[in-house]
Protein chains: 2
Amino acid sequence: MEVIDYAYLESILNKKNLKVTPQRLHILSLIKQFGHMDIDELYLQIKKNYPYMSLATIYKNISVMVENGILNEIKIAQQKTKYELLADFHAHFICTNCKKIEDLDIDISCILKGFDQASVQSVQLQIYGICNACQKKKNLI
Amino acid sequence: MEVIDYAYLESILNKKNLKVTPQRLHILSLIKQFGHMDIDELYLQIKKNYPYMSLATIYKNISVMVENGILNEIKIAQQKTKYELLADFHAHFICTNCKKIEDLDIDISCILKGFDQASVQSVQLQIYGICNACQKKKNLI
DNA sequence: TCAATTTTAATAAATATTATCAAAAAATAA
DNA sequence: TTATTTTTTGATAATATTTATTAAAATTGA
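What comes next is a walk through the structure. Since the structure is predicted, the reported quantities are computational estimates derived from the model, not experimental observations.

## Let's talk about the protein's contact with DNA strand C
For DNA strand C, the set of nearby residues contains 16 residues, the closest of which are Thr21, Gln23, Arg24 and Thr57 of chain A together with Tyr59 of chain B. Sugar and phosphate atoms represent 79% of those atoms of DNA strand C found within 4 Å of the protein. Between DNA strand C and tyrosine 52 of chain A, the relevant distance is 3.3 Å, taken from a phosphate oxygen to a main-chain nitrogen or oxygen of the residue. Secondary structure elements with two or more residues in the surface near DNA strand C: helix H2 (22-34) and helix H4 (55-67) of chain A together with helix H4 (55-67) of chain B. Ranked by residue count, the leading element in the surface near DNA strand C is H4 of chain A, at 3 residues. The residue inventory of the surface near DNA strand C, partitioned by class, reads 7 nonpolar, 5 polar and 4 charged.

## Considerations on the packing of helix H2 (residues 22-34) of chain B against helix H3 (residues 39-49) of chain B
Residues and elements named next belong to chain B. Where H2 contacts H3, the two axes come as close as 11 Å, and the packing angle between them is 120 degrees. Classed by the angle they form, the pair H2 and H3 counts as oblique. Judged by the twist between their axes, the crossing of H2 over H3 is right-handed. On H3, the residues touching His26, Ile27, Leu30, Ile31 and Phe34 of H2 are Leu42, Gln45, Ile46 and Asn49. Within the contact of H2 with H3, the residues separate by chemical class into 6 nonpolar, 3 polar and no charged.

## Focus on the relation of the copies chain B and chain A
For the pair chain B and chain A, the best superposition has an RMSD of 0.0 Å and corresponds to a rotation of 180 degrees with a translation of 0.0 Å parallel to the axis. The operation mapping one copy onto its partner corresponds to a two-fold rotation axis. Taking C-alpha positions as reference, the residue of chain B nearest the rotation axis is leucine 125 of chain B, located at 2.3 Å. When the interface residues of chain B are mapped onto chain A, 100% of them are again interface residues, pointing to one common binding face.

## Considerations on the pairing of strand S4 (residues 101-104) of chain A
The side chains of a regular strand alternate, residue by residue, between the two faces of the sheet. Residue and element names in this part refer to chain A. Sheet topology places strand S3 (residues 91-95) next to S4; 4 bridges connect them, and they run antiparallel. Counted as the bridge partner of phenylalanine 93 is glutamate 102 from S4. Hairpin geometry of S3 and S4 is characterised by an intervening segment of 5 residues between the two adjacent antiparallel strands and by a positive phi of about 70 degrees at lysine 99.

## A word on the protein's contact with DNA strand D
As a structural note, the neighbourhood of DNA strand D is formed by 16 residues, with Tyr59 of chain A together with Thr21, Gln23, Arg24 and Thr57 of chain B the closest of them. Counting only atoms of DNA strand D within 4 Å of the protein, the sugar-phosphate share comes to 80%. Contact distances for DNA strand D include 3.1 Å between a base oxygen and a side-chain N or O atom of lysine 19 of chain A. Contact between DNA strand D and valine 20 of chain A: a phosphate oxygen at 3.1 Å from a main-chain N or O atom of the residue. Secondary-structure elements contributing two or more residues to the surface near DNA strand D are H4 of chain A together with H2 and H4 of chain B.

## Remarks on the interface of chain B and chain A
In this complex, chain B contributes 30 residues to the contact, which on the side of chain A involves 30 residues. Along the contact surface separating chain B from chain A lie 0 salt bridges. Mapped by element, the contributors of at least two residues to the side of chain B that touches chain A are helix H5 (109-112) and strand S5 (120-129) of chain B. At 10 residues, S5 of chain B tops the list of elements feeding residues into the side of chain B that touches chain A. When the residues that make up the side of chain B that touches chain A are grouped by side-chain class, the tally is 17 nonpolar, 10 polar and 3 charged. Both strand S5 (residues 120-129) of chain A and S5 of chain B contribute to a ladder of 9 bridges, which runs antiparallel.

Reading the values: the criteria
- Counting starts from 1 at the beginning of each chain's written sequence and moves along it residue by residue.
- The order in which chains are written sets their letters, starting at A; the order in which ligands are written sets their numbers, starting at 1.
- With the structure being a predicted model, the display of local features is reserved for residues of pLDDT at least 70 and the display and counting of side-chain atom pairs for 80 or more, all residues being used for whole-chain, interface and lining totals.
- Working from all heavy atoms in the structure, the side-chain values ignore hydrogens and water.
- A single heavy atom is enough: if one lies within 4 Å of a molecule or strand, its residue is considered near that molecule or strand.
- Distance and chemistry together define a polar contact, namely a pair of N or O atoms within 3.5 Å, with one atom able to donate a hydrogen and the other to accept it when in protein, and with adjacent residues in sequence counting only for side-chain atoms on both sides.
- To qualify as a helix, a DSSP run of H or I must reach at least 4 residues; to qualify as a strand, a run of E must reach at least 2; elements of each kind are numbered from the N terminus.
- Three residue categories are used. Nonpolar comprises Ala, Val, Leu, Ile, Met, Phe, Trp, Tyr, Cys and Pro, charged comprises Asp, Glu, Lys and Arg, and polar comprises the others, including Gly.
- Between N-to-C directions, angles span 0 to 180 degrees; the directions come from axes that are lines fitted to C-alpha atoms, helices contributing only their stretch in contact.
- Angles are sorted into four bins: roughly parallel if under 35 degrees, roughly antiparallel if over 145, roughly perpendicular if 65 to 115, and oblique for all others.
- Take the far helix as your reference; a near helix turned counterclockwise from it by less than a right angle gives a left-handed crossing, and one turned clockwise gives a right-handed crossing.
- The contact criterion used throughout is that any non-hydrogen atoms of two residues lie within 4.5 Å.
- Here the copies are matched by least squares. The fit uses the C-alpha atoms of residues with pLDDT of at least 70 in both.
- Whether two strands pair depends on DSSP finding at least two bridges between them.
- A carboxyl oxygen of Asp or Glu within 4 Å of a side-chain nitrogen of Lys or Arg is what we treat as a salt bridge.

Okay, structure coming up:
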């Protein structure tokens, strides 16, 4: 059970001049805890502790936080859009079997060589495949 | 004006045991012509020549052709999902200003080094930035 | 505490996608 | 060619998803 550093989450909102509300802190803490979440997963988790929170509030806050560069939007084939806390660049490995998403620290300087620094704003790199856990399971069959 | 090779499009469908219909050929020819299209763009173009074609038919065929590996689904931040003919790997450059999508021939062997060949099924690489045309326009202001 | 501003919840409205099914079309066999 | 089987289409209903609206509540700074 991870201890949530709410002061840190508050500072993220303050930096962007977004008001600190329990709803926003709860959304952020869940995303921090789970790593990558889509709207439905968020709504499901949130209903456990904040049964009154409106789905519209989640949609609104997610989009505000994406616009303000607090959250990163990850669009994945055959899945709902996922959100994660914005962090240093990393790629994602997506298991097409169990749907799990893993962060990958990959150096992408080799593919950005030819590009003008100023013209590149961000990079999304997704590698689809079968994760180790699923691979093992398959071998047992 | 590109000449469409319908025999080639038919062979694509035949290989996957999908029946050849005017609707499917038209969808494929448009995607071949435009490169990357979303459902709305397709519907708009299709209405010009096949005003009677149902939106449901487009949705159905797109998903059938994605499932059969004829089309590739490209999910892009802040945009509707785009579809392209499946081809050899290439990355996409997405201009965040004019929304244009460019194919990029980038060698990604350098980032796949650490991976077990068997565990990787596909890779999506998207580079977001400002395209040359938009860069020039900005300099003029 | 008070006032200005933002955010929330509830819900309506708008969009987007999928399911249903009878009729039409395509492929295959006779 | 024609008949038969199977698939696909179009229309539309049903779902699902997302955005807009607005009064009430909460947050922030003075």
